[in-house]
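Each chain, written out:
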Amino acid sequence: MIISGVAPCLVAFIAYVAWRRNARRHTLKDIRGPPSHSFWLGSEKEQRNAKQVGDMEFKWARQYGPTWMTKGCLGEEILWTADPHALQYVFHTSGYKFSKRTLVTEMTRLFTGESILTADPADHQRHRKIMNPAFGAPQLRTYLPVFRRSAALLSQKWKDMIQSGEKSDKCLINVNNTLSRMTLDVIGEVAFDSRFGVLDDNGTDDELVQAFNNLFVDTLFNPSSFDIVFQSIWRFFPQSVLKCLKYLPRKEYRRFATYLKIAIRTAKTIIDEKAAGTEKGGKDIISILVQSNHEEDPRARLSEGEMLSQIATLLLGGHDTTASTLTWLLYELSKHPEDQQRIRDEIKAAKVNVAARGEDDLQPIDFNNMDFTNAVIKEGLRLHPIAPTLYREADSDDVIPLSQPIETKSGKIIHEIPVSKGQGISASICTYNRLQSVWGEDADEWNPSRFLDNGREKSSLGVFANLCSYVFQTKAAGIRGCIGWRFAVLEIQAVLVELVENFEYQFPEGVEIVRSNAGLMAPMVEGKLHEGSQLPLEVSVIA
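As the structure is a computational prediction, the values presented were derived from the model and not from experiment.

Asks: I tried to follow the sheet that holds strand S9 (residues 503-506) on my own but got confused; where do I start?
Replies: Paired through backbone hydrogen bonds, the strands of a sheet run either parallel or antiparallel to each other. An order of S4-S12-S9 is seen for the 3 strands of this open sheet, with the pairing classed as antiparallel. Two strands bound the open sheet, and with one partner strand each, they are strand S4 (170-174) and S9. Here the strands of the sheet are splayed against their neighbours by 35° on average, with no regard to which way each runs. Judged from the 5 bridges that link them, S4 and strand S12 (residues 536-541) form a sheet pairing that is antiparallel. Pairing of Leu 172 across the sheet is with Glu 538, part of S12. Across the face of the sheet, helix H8 (residues 175-192) comes into contact with S4 and S12 while running at roughly 65° to S4. Together, S9 and S12 form the strand contacts of helix H23 (residues 485-502), whose direction differs from that of S9 by roughly 85°.

Asks: Just checking my understanding: could you explain the packing of aromatic side chains for this structure?
Replies: To describe a pair of aromatic rings, you give the distance between the ring centres and the angle between the ring planes. Summed over all chains, the structure comprises 22 aromatic pairs. Summarising the aromatic geometry, the rings of Trp 439 and Phe 451 are spaced 5.7 Å apart at their centres and angled 55° between planes, so their arrangement reads as tilted. Taken as a pair, Trp 439 in helix H21 (residues 436-439) and Phe 451 in the loop between H21 and helix H22 (470-473) lie far apart in primary sequence, 12 residues in all. Side by side, Trp 439 and Phe 451 carry an identical accessibility label, which is buried.

Asks: What exactly am I supposed to notice about the sheet that holds strand S8 (residues 424-428) here?
Replies: Strand order across the open sheet formed by 5 strands is S1-S2-S8-S5-S3, with mixed pairing between neighbours. Every interior strand has two partners, whereas the edge strands, strand S1 (67-71) and strand S3 (98-100), have only one. Sheet twist, expressed as the mean angle between neighbouring strand axes with direction ignored, is 35°. Looking at chain direction, strand S2 (residues 77-81) and S8 are connected through 4 bridges and run parallel. What sits directly across from Thr 81, in S8, is Ala 427. This element, helix H3 (residues 55-64), spans S1, S2, strand S5 (389-394) and S8 of the sheet and lies at about 120° to S1.

Asks: Would you take a moment to explain the confidence of the model for the protein chain for this structure?
Replies: Should the pLDDT be low somewhere, the predicted coordinates at that spot are not to be read in detail. Summarising the model, the protein chain shows a mean pLDDT of 87, and 87% of its residues fall at 70 or more. Counting interchain partners and residues more than four positions distant, the pLDDT-below-50 stretch residues 1-7 has 0 contacts. Below a pLDDT of 50 lies the segment residues 470-477, which in the model reaches 45 contacts outside its immediate sequence neighbourhood of four places, other chains included.

Definitions and limits used
Residues numbered from 1 in each chain as written. Predicted model: local features only at pLDDT ≥ 70, side-chain atom pairs only at ≥ 80, totals over all residues. Heavy atoms only, no water. Pairing = 2+ DSSP bridges. Helix = DSSP H or I, 4+ residues; strand = E, 2+ residues; numbered from the N terminus. Axes fitted to C-alpha atoms, helices over the stretch in contact; angles between N-to-C directions. Contact = heavy atoms within 4.5 Å. Phe/Tyr/Trp six-rings, centres within 6.5 Å; stacked < 30°, edge-to-face > 60°. Buried < 20%, exposed > 50% of the residue type's maximum accessible area, 1.4 Å probe, protein only. pLDDT = per-residue confidence, 0-100.

Right under this line is the structure:
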């Protein structure tokens, strides 16, 4: 009785607080945007539960321009933008003045702990300084043999699957699943000098593999109205209260808590094994991280909890996003066989140059010189950004500049938007990556050759080819740019070259792939969404 009486009062109080906060801000009411049909949900459920990632954002951008306003939960005004100057300002110029929204930070904390992804500006700089040595260019060269060896093992596994199938020349393979297993093995070896053996099915029932399986689909895909409203009120609570979220009995919070618990336990085992070893100066990422941390001023070092959280972050971010990017690349290539052949021709030419140098295998410079192959990678990232939306809020009153002026409801043409402290900002990365003003009239189409046109004027946002993508930005470019983006690029290059050189890909008839919003963009099969993330392709060995 008491609880049933208190709950409505609490909800009413929070709604009143939200209304008062909104009333005190610079209003966005003159910014055009879609109508809201609900005070409680605004346009949140419509956007988050759209069938395909970007469905609503693309529609709104066509109707209102690259910057618009929607109503969020409890009547909150949300500024949406895909404008290049606005993104540049929020993520580069004034990056530390626009913090991640409470929902994003606390949700990330559930599965990474006190990591670099949840650190405030001061701690973020401290984390980054200690982690940088592990991702420098000289260190990356030592990882390439692991990338090549792991890709070759995956190649052999696919050949065995094809030969043992009903048809000896081709086989339907869920490329997402096996790529994820391979990249987990890679991060185990290069980051921790540990052999997980997941690709060889040695780790099929391993608790870490099970913890990874469909983690984001199980937790963030198609949230209920209750979840959307509940998560929207997190911003009203202190962090001391939000730390208790992991104890909530709902499935999504249990899944994240279970993953973090298993990842931390794995991390402790790895660190204990290294402490017991006699070898000094290890070349794996965690050995370098431990050494870098030891050399820092004690006041600037990562705590044990922070160190364990970095490992949990590396385990997840170091394999899942790379596997997803490779999956979307093979999806596009399966529809464009002529591009597969251009990549093979480029590989042959590169190997001729390697032989002329008297070397045995491709080096980083060879991958970087494969212009069309790299154009394919960039185009895949452009059309299929793993993190389609990034969320920020203003830490103080500010003015956000626009490269493309917008017309307001009152008919004014404005070139900048004043925002108040606490203003929520949703950066639509998937929309920016399809702006015709940036990418040309064919922005919605697959065209890797756009990246071979050096004369095309572009803005400068991402750390890789002007792209806003999770793999190369980890939630933002600039001061929060992905610390491991060069690592990711080299791994994608090495694996893609191996898989395109040895196999042909065809998209199966009668299959529809859905770009699902599960926090990250996940491929799913229409009619089989309950089976989670998957992308089946017909794969055949090149004779």
